[in-house]
Every structure is written in C-alpha cells, then in structure tokens.
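Structural features, examined
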Amino acid sequence: MATATTEPTSLRAGDSAAWVRSVEGYSPADGWQLAYALVPRSGGAKHTIATAVSGAGWSVDLKASDTSGYAPGAYTLVAVVSRGTERATIFTSACEVLPDLMEVDAQDTRSSAEKILAAIDAWLEKRAGWAGEKQVGDTRIKDHPLQDLLALRKHYEGIAARERSTKQLLDGTGAAPGRVWVRM
C-alpha cells in the first residue's frame, strides 16, 4: 500500500490507510508529539489515531482492524501537536467514513439528496395530480401542493447532479461541468 503525504478526506471502514505528516516548527526531535482524532459530527464515539515518529515527522498506519469499528458518516479529522503544557491544532478537515461493503448484506448507498429525490418521484407516480388530506391512523396529514413538490424535486435534482459530478471528478471518470476559471 502506498503511503500518502496528506490526510485522507474519506476512509472506508475495514480498509487500511497510511499517511505521513511533518509540521514546520514542530519537530519530534524537539519533543513535539502528534495526535489525531476522528470526531463524529452528529454524535457517537471519537476515534483516536496513533502516530509514530518517522524521520523529521510522523507516520500514521491504520490497519483494517483499526477502522473496522468505524461507523459510517461525517466526521472531522483533527491533528494536534503537543509538548509539555503547549498544544496547537495544526489540521482540521471534513472526513467521511464510508461503509464496509464487504460486511453488509444490502445497503442503500445513495446520498440524502438522491433518497429524497426518489421519494418525491415515487409520490408523484403514485399520486399524480392528487392533492388534499388523508387519514393516517388518528392523524390527518395534508399533502404538499404539487407545485411545492415540483420545486423541491428541482432543488434536490440539482444537489444530486452536483454530487454525481463531484464523484465522477474524484473517480476520474467525468469531465468538469461548465467552466473552470483560472487566475494567473
């Protein structure tokens, strides 16, 4: 496995990951230690990530067994250097933990926007042209007007399209949508 020189923006639960990090002004030779934490954005267990001194910096070597317990979701990856009573946060970034696809039977891997879009489409197919109230148990639920649903559909279709485009760019399977502006 190749060792990256930057922190990951996503990890797959059950996979290995490795990277190296050096920080100018914070050398392990001067007694600085580096610590990482993967902090969930919506509650749950924080994961501490061990580092080892590697030359003038540190290395991280996550084993498959380390990441197998990571719950899928949005996290913040944080790096902190410390020496005695001194401490400095040197890195924070969004990091998504993806599900271990080898350990799940069936999983809906669509984004929230894709799920909402599919729900709107299913409702439109089932109830095309009907608007009003319906009885569900002891509660009366007023359905959304068709115009509101179509506006929501357009909104979520745009989000889903941007997500697909971004995924294609990251996977190297698509071209940049629209124009790419460069200032020299």
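Look up: the structure comes first, before these words.
All figures in this text were calculated on a predicted structure; none of them were measured in a lab. (Residues numbered from 1 in each chain as written. Predicted model: local features only at pLDDT ≥ 70, side-chain atom pairs only at ≥ 80, totals over all residues. Heavy atoms only, no water.)

To continue, consider the packing of aromatic side chains. Overall, the coordinates contain 2 aromatic pairs when judged by the stated rule. Where Trp19 meets Tyr36, the ring centres are 5.4 Å apart and the plane angle is 85°; that geometry is what we call edge-to-face. Here Trp19, found in strand E2 (residues 17-21), pairs with Tyr36, found in strand E3 (residues 33-40); they are 17 residues apart in sequence, far enough to count as distant. Each of the two residues, Trp19 as well as Tyr36, counts as buried. On the numbers, 4.7 Å between centres and 90° between planes, the contact of Tyr26 with Trp32 is edge-to-face. Using a relative accessible area of 24% as the deciding quantity, one classes Tyr26 as partly exposed. With relative accessibility at 7%, the residue Trp32 sits in the buried group. (Phe/Tyr/Trp six-rings, centres within 6.5 Å; stacked < 30°, edge-to-face > 60°. Helix = DSSP H or I, 4+ residues; strand = E, 2+ residues; numbered from the N terminus. Buried < 20%, exposed > 50% of the residue type's maximum accessible area, 1.4 Å probe, protein only.)

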